[in-house]
Each structure stands twice: as C-alpha cells, then as structure tokens.
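Geometric and topological summary
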Amino acid sequence: MAAVTPAKSVLHSSRPNPHPSRFSASPSTLINARTTQLGLRPRFLHQAKPTKCVEGFAYGLGRNRGARTERLQRKPWVVTCTAEGIERGMMIGRRERGGEAKQLVRVPERFKVVALVACVMCLCNADRVVMSVAVVPLAAQKGWSSSFLGVVQSSFLWGYIFSSVIGGALVDRYGGKRVMAWGVAMWSLATLLTPWAANHSTTSLLAVRAFFGLAEGVALPSMSTLLSRWFPTHERASAVGISMAGFHLGNVTGLLLTPVMLSSMGISGPFILFSSLGLLWLTIWTYTVTNDPRESDFISKSELRLIQAGKSDSPVSNDKFPPLRLLLSKLPTWSIIFANITNNWGYFVLLSWMPVYFKTVFNVNLKQAAWFSAVPWGTMAISSCIAGTTSDSLIKAGYSLTIVRKIMQSIGFIGPGVSLLCLNYANTPTAAAVLLTAALSLSSFSQAGFLLNIQDIAPESAGFLHGISNSAGTFAAIASTIGTGYFVQWLGSFQAFLTVTAALYFMTTIFWNLFATGERVF
C-alpha cells in the first residue's frame, strides 16, 4: 500500500495558483494522495455546503482535448482525477440526484464493432434463407420443375466461389470496413431485385442470384480481418464466436420472419424487409467503424493501448496481392485449406441430406418439425460463444496459440465425427435428432480453430488466404451435396456415407495436429 502524504502539498501551497481549474466552482482541499502504477492519484473533497455535482467528468486525451464546460456553467462541477484513465469512453461518471447515484458507463468501441459485425453476419445468412423459403411459392407460381429448382438454389454458389479469393485480396489491400460496406450494399440491392428478376425471366433471376453470391463472398474475409485489427489476441476468439453466433441466428431469423412476410405482404415482402435492414445497417457502419482502431475518433487512449498491447504484430494493408506460390508452399496453409474443405463437406451434408435421411430411415418429415428450424441453429450460436470464450480463457491461462488452436479444432472435428458414427446406431428419431444437433454444435468449435488460425500464420495476407480456403471449401460443399445422392443411390443406404464423412473428419484432425501452428509463417 502506498503511504499517505501530508494534507499540505505543493498543489495547495500558499502561493496563488496561476491556472485555476475551470471544473470546480469552489476551492477544494487535498487531504491525501496515494501513489499508483502511473503516478499520483489526488482525491478532492466537496465543500461543506451540499451541491449537485458530477464526479468523474472528463474528456479524451485524443483529438478533442478542449474541456467542454462553458455549456455546463449552470451547475458547479467537481472533478475526481485518476492517473489510470481520464480518456473519453473509459470513465464511469455518477450524477447525484436526491441522494441517489446513477452510474454512467461508456461502452468500449471494440464492443460496438463486434456488435455491428454480428448483426451483419446475421443479415448475411438471413438473406440466403429468404430465397430458400420463398422459392417454394415462386416454384408453384412459375411451374418450375424439381431439377430447375435445384439450379436456382445453387446459383448463389456460382458467384460465391469466385468472390472469396478476390474479396479476400481486396480486404488485405483496402481493409475490412470498405469491402464489407460495398458487399452489403451490393447484396442488399440483389435481394431487392430478386422478385423483379423472377417475374422478368429465369435468366434474370439466375444472374441476380449469382450477383448476390458474388457480393456475399466478401463477408467472412472482411469479418476475420476487421476483428483481428480491433481485438487483442486473447479476445479474438470471443469476438469471432459472437460474430458467428449472429451468423447462425440468421437462419432462425430468416426461417421465422420470411413465412410471416410472405403471408402478409406477398413474395416481395421479405426481400424488401431484409434489403432495407441492410441499407440501415450500412448507414450506421459507415459513420461509426474504421479499418483500424488507431483511425477511430471515438476510441479511448486506454482501450487503444489494451488492443495494441495484446498483439504480437501490427499488420498493414498491402499494395499488391501476396504471392500465391509462397502461400501454398507451406504445410500450415494446407492444414487450413483441408480443415475448411472438411468443415464445409460435413456441414452441408448435414444440412442438405438430413431431412432426406430422416424421411428415408424413420419416415419423419423433418422440415415440418419445429426443432429442425430453430434448435440446431440456436445451439450452434451458443456453442460458438462457448468455443470463443474457452479459447480465450486458455490463452489467458498461458497456453500457446498452437496448443489452443489444435484443441479447438480437434473438438470441432472429432465431436461431429463421433456423432455421425453414433447416428448409424440410432433407433429412434429423437436419438437421431439429438446426435444431429450435437454434431452441428460441436462443429462450431472449428471457428476457434482454423478460422482464427488464418490470422495467426498470415496476418498481412489473411484475407487472400481466407478466400483461397473458403473457395476450396465451397467446391467441397458442392461436391458433397451432389455426391451424397449418387453415393446413397449406389450403395442403397446412408450408413456408408456417414461413415466416410466421419473418417474424413478424423483424418483431417490428424493432419491438423501434425502440421498446424499458431506462429506467424508469412
């Protein structure tokens, strides 16, 4: 404990003060001061006469240094100064009214950033789900066959495959804020134009859906790069977990709101709603978020120091695309690519073919079951947050990034693999439903594995590397969705294909634990 200084100090000597405080309406008496890590922490007392006051009133030491007190002369002000943080955004003030104290807390800027990212990821996935629900009345209205219905559903992936790589490279060069903004603007426009395109011609509809996929391909690389700039290493997994929780909740949002809008406003209703939400989000995003916290006008000095102290490097934007040959020459890169392929393979097998599996094996129409619309996505959102919190806790406890990434990814692959093997022995629809939900939930731990590892090994080329691995994963999603049908038709059951998928999970886990690293490679 620091020693207490005498009441008489140089701050209140007999000499007049040439620079009186503008915050205090009456003289204050310094009774003690204790030393802290950063220096002295003076404490001031009020006058004996009771007054209404605000304690802890302070502005930032950043851009706006001037004390803005001229407009507040109606009430006397008393300031409590602390050396630890008098910057804007980190102070906790208290206004006393009738003896009751009201705490005023300023939310850190990085929390606002992750909240906006979670909202846009929710919107990103909800916009996809809108079409999967609205395509049913569209198909009935237009007389589309089942085969053409599959073409319409897959048209989203035509543009999504190519934009991942290009979008990732643009993120590395221009930053996540700008690329995400353009992506949201374009996919909101495509969402708005979808009903018009469907009424115009099938060619127009396919072109608009491909354009929609092209715009949405930049979302994940932008999210990953932006959060790596705004969060220290020991908080990054939680930030990604919250953002991906928003992504999974987008399914619930789309599945719940789209039928209501279709029944009340017609086919155009949900498309107008979600495109409007996208433009509203874009307005807020443009004026409140920056590519880097150092560029923000609102962040406090202490929060900026916290972010910078929690990083092992300070990546900068590139003026040219990183060399592809160099990225593909290292085994840690292939660990990420194979992990993305396996993750998408299993994920889309579960989502695309489990309704058919339940109908074939248990004679249950899973699409009409309430739990299929909400429970898997809700549990995935929860497990995403749990995975992020667990990962950050391990890092804070002193475990290396390499060990933490391997643990999280192993859970994200071994868990679904074991669940799929057990699914072969499920005798009731309820048991199978629980195993399906467990497989999807545990797969969320991959977000604290390979998804974060991209920033670990290539902070300056993370967007480009993310695009490469995401494109490979998209090809795997297409191959698994199409291949499952032929595989089941050839063998006559789902059991063999579920076993193959589980084996793929286990083999990729072994490869990951052998060659993945949390150290910087590029």
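Residues numbered from 1 in each chain as written. Predicted model: local features only at pLDDT ≥ 70, side-chain atom pairs only at ≥ 80, totals over all residues. Heavy atoms only, no water.

Regarding the packing of aromatic side chains
For the coordinates displayed, the defined rule picks out eight aromatic pairs. When the ring of Phe 511 is compared with that of Phe 515, the centres are 4.8 Å apart and the planes differ by 55°; the resulting orientation is tilted. With Phe 511 and Phe 515 both in helix α16 (residues 495-515), this residue pair falls four residues apart, about one helical turn. Note on Phe 511: relative accessible area 22%, which makes it partly exposed. One aromatic cluster is present, built from ring pairs that chain together Trp 334, Phe 338, Phe 511 and Phe 515. The ring of Phe 212 is capped by Arg 209, whose NZ or CZ atom sits 4.5 Å from the centre of that ring. (Phe/Tyr/Trp six-rings, centres within 6.5 Å; stacked < 30°, edge-to-face > 60°. Helix = DSSP H or I, 4+ residues; strand = E, 2+ residues; numbered from the N terminus. Buried < 20%, exposed > 50% of the residue type's maximum accessible area, 1.4 Å probe, protein only. Lys NZ or Arg CZ within 6 Å of the ring centre and 35° of its normal.)

Focus: the pattern of salt bridges
Oppositely charged side chains are able to pair whenever their charged atoms sit close together. This model, assessed by the stated rule, comprises eight salt bridges. With a shortest N-O distance of 2.9 Å, Asp 292 and Arg 294 are connected by a salt bridge. According to the relative accessible area criterion, Asp 292 is buried, its value standing at 10%. When its relative accessible area of 47% is taken as the criterion, Arg 294 is described as partly exposed. Each of the salt bridges in this network shares a partner with another, and the network as a whole consists of Arg 110, Glu 235 and Glu 303. (Salt bridge = Lys/Arg side-chain N within 4 Å of Asp/Glu carboxyl O.)

Things to note about the packing of helix α5 (residues 219-230) against helix α15 (residues 462-491)
Orientation of α5 relative to α15, taken along the N-to-C sense of each, is 145°, at an axis distance of 9 Å. As α5 packs across α15, the resulting crossing turns out to be right-handed. Residues Leu 220, Pro 221, Ser 224 and Thr 225 of α5 touch α15, and the partners they reach there are Ala 462, Gly 463, His 466 and Asn 470. Here the contact of α5 with α15 is composed, by residue class, of three nonpolar, five polar and no charged. (Axes fitted to C-alpha atoms, helices over the stretch in contact; angles between N-to-C directions. Left-handed = near helix turned anticlockwise from the far one by under 90°. Contact = heavy atoms within 4.5 Å. Nonpolar A, V, L, I, M, F, W, Y, C, P; charged D, E, K, R; others polar.)

Digging into the packing of helix α1 (residues 109-142) against helix α4 (residues 202-216)
In contact at an axis separation of 11 Å, α1 and α4 are set at 160° when each is read in the N-to-C sense. With respect to α4, the axis of α1 lies roughly antiparallel. Seen along the crossing, α1 lies across α4 with a hand that is left-handed. Each of Cys 124, Asp 127, Arg 128 and Met 131 in α1 lies in contact with α4, whose residues at this interface are Leu 205, Arg 209, Phe 212 and Glu 216. (Parallel < 35°, antiparallel > 145°, perpendicular 65-115°, else oblique.)

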